[in-house]
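Coordinate analysis (summary)
The primary structure of each chain is shown beneath.
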Amino acid sequence: MLPEIVKGFVVLAGIFIPLERILFLHKQKIFRLGWATDATYFFTGHFIGRSGALVVTVILSLMTNLLNPELQSKVASQPVWLQFVEAIVISDMAYYIAHRLLHEVPWLWQFHAVHHSSEHMDWLAAVRVHPCEQIFTQICKIMPLYWLGFTKESLVVYALYSAAIAFLIHSNIKLKFGILKWFVATPQFHHWHHSKIPGINNKNFAVQLPLLDLLFGTIYMPAKKMPHKYGISDSIPAGYVGQIFYPFSRMIKNAR
Ligand SMILES: [Zn+2]
Ligand SMILES: [Zn+2]
């Protein structure tokens, strides 16, 4: 029997690789530069994600006096579809703030720079996230939902949607979403966030709801243009282990 994570990898590759061959935005190889590094993130990130959920549970169990059972039962009594819509708005708002901090606080940027180091965008680039950033953003996104009392069913639907969107927005796919592009994050929206053009990668901070960037004046989504170069000018190691140590080595250098 194959472990769930291997099955997940096979299913995602089975969906996105053919889509990226048919609807490609940029012509590129499946096993592009950094593929093995990102595949390593895929398998390790699964376990780190689990520990993030555990951290959220521990924090909440220490904060029981801050919970509001009346509010929680009101939230939980709503239909699953409504909780799902609310979860998107609340968690993406929290992510928006966390993501801006990752860009604007210098020591946090050292961790986030790892995600921006991808020079080729495809579905697998989604998982290149430093474990410390993964735990930090997971706590920011999930904590409000747990605290508000969203039901398990709505959290499962939300988690599946959230994962699907993360792979979609990084994928090398050219697809028109029409008016939906304001309500659902798309490659057209998130690829600009990875653009190598200075200043443009400081736009589009949401990952699910582009309307938030429109609201806060950080949107950049031209109708007929897409970026051609991705990445950042910081020199980030190419391998997994080097990338894990990168933020710490930068901090030590800066402290000297
Ligand atoms: Zn970013
Ligand atoms: Zn990204």
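Before any of the text, the structure's been laid out above.
What this report covers is the structure whose coordinates are included nearby.

Quick notes on the rules
- Residues numbered from 1 in each chain as written.
- Chains lettered and ligands numbered in written order.
- Predicted model: local features only at pLDDT ≥ 70, side-chain atom pairs only at ≥ 80, totals over all residues.
- Heavy atoms only, no water.
- Donors = N, O, S within 2.8 Å, 3.2 Å for Na, K, Ca; no water.
- Helix = DSSP H or I, 4+ residues; strand = E, 2+ residues; numbered from the N terminus.
- Buried < 20%, exposed > 50% of the residue type's maximum accessible area, 1.4 Å probe, protein only.
- Salt bridge = Lys/Arg side-chain N within 4 Å of Asp/Glu carboxyl O.
- Expected span 1.5 Å × (residues − 1).
- Contact = heavy atoms within 4.5 Å.

Digging into the coordination of the zinc ion (ligand 2)
With distances of 2.0 to 2.1 Å, the protein atoms coordinating the zinc ion (ligand 2) are His115 (NE2), His170 (NE2), His190 (NE2) and His194 (NE2). Spacing between the donor residues of the zinc ion (ligand 2) along their common chain follows H-x54-H-x19-H-x3-H. In this pair, His115 sits in helix H5 (residues 106–116) while His170 sits in helix H7 (residues 152–170), placing the two residues 55 residues apart along the sequence. The same class applies to His115 and to His170, which are both buried.

Considerations on the coordination of the zinc ion (ligand 1)
Surrounding the zinc ion (ligand 1) are the protein donor atoms His99 (NE2), His103 (NE2), His112 (NE2), His116 (NE2) and His193 (NE2), which sit 2.0 to 2.2 Å from the metal. Read N to C, the donor residues that coordinate the zinc ion (ligand 1) are spaced as H-x3-H-x8-H-x3-H-x76-H. Residue His116 is located in helix H5, and its partner His193 is located in the loop between helix H8 (187–190) and helix H9 (211–216); the two are separated by 77 residues in the primary sequence. Across the pair, His193 and His116 agree in class, each one buried.

Considering the pattern of salt bridges
Under the defined criterion, the tally for this structure stands at six salt bridges. Asp122 is paired through a salt bridge with Arg32; the nearest N and O atoms lie 2.6 Å apart. With Asp122 in the loop between H5 and helix H6 (131–148) and Arg32 in the loop between helix H1 (4–22) and helix H2 (35–62), the pair connects residues that are 90 residues apart, well separated along the chain. Using a relative accessible area of 3% as the deciding quantity, one classes Asp122 as buried. Residue Arg32 is classed as buried on the basis of its relative accessible area of 6%.

So, H7
With 19 residues, H7 extends 27 Å from end C-alpha to end C-alpha; this agrees with the ideal 27 Å at 1.5 Å per step. Along H7, the residues that are buried comprise Ser154, Leu155, Tyr158, Ser162, Ile165, Phe167, Leu168, Ile169 and His170. Buried positions along H7 lie against H1, H2, helix H4 (80–104), H5, H6 and H8.

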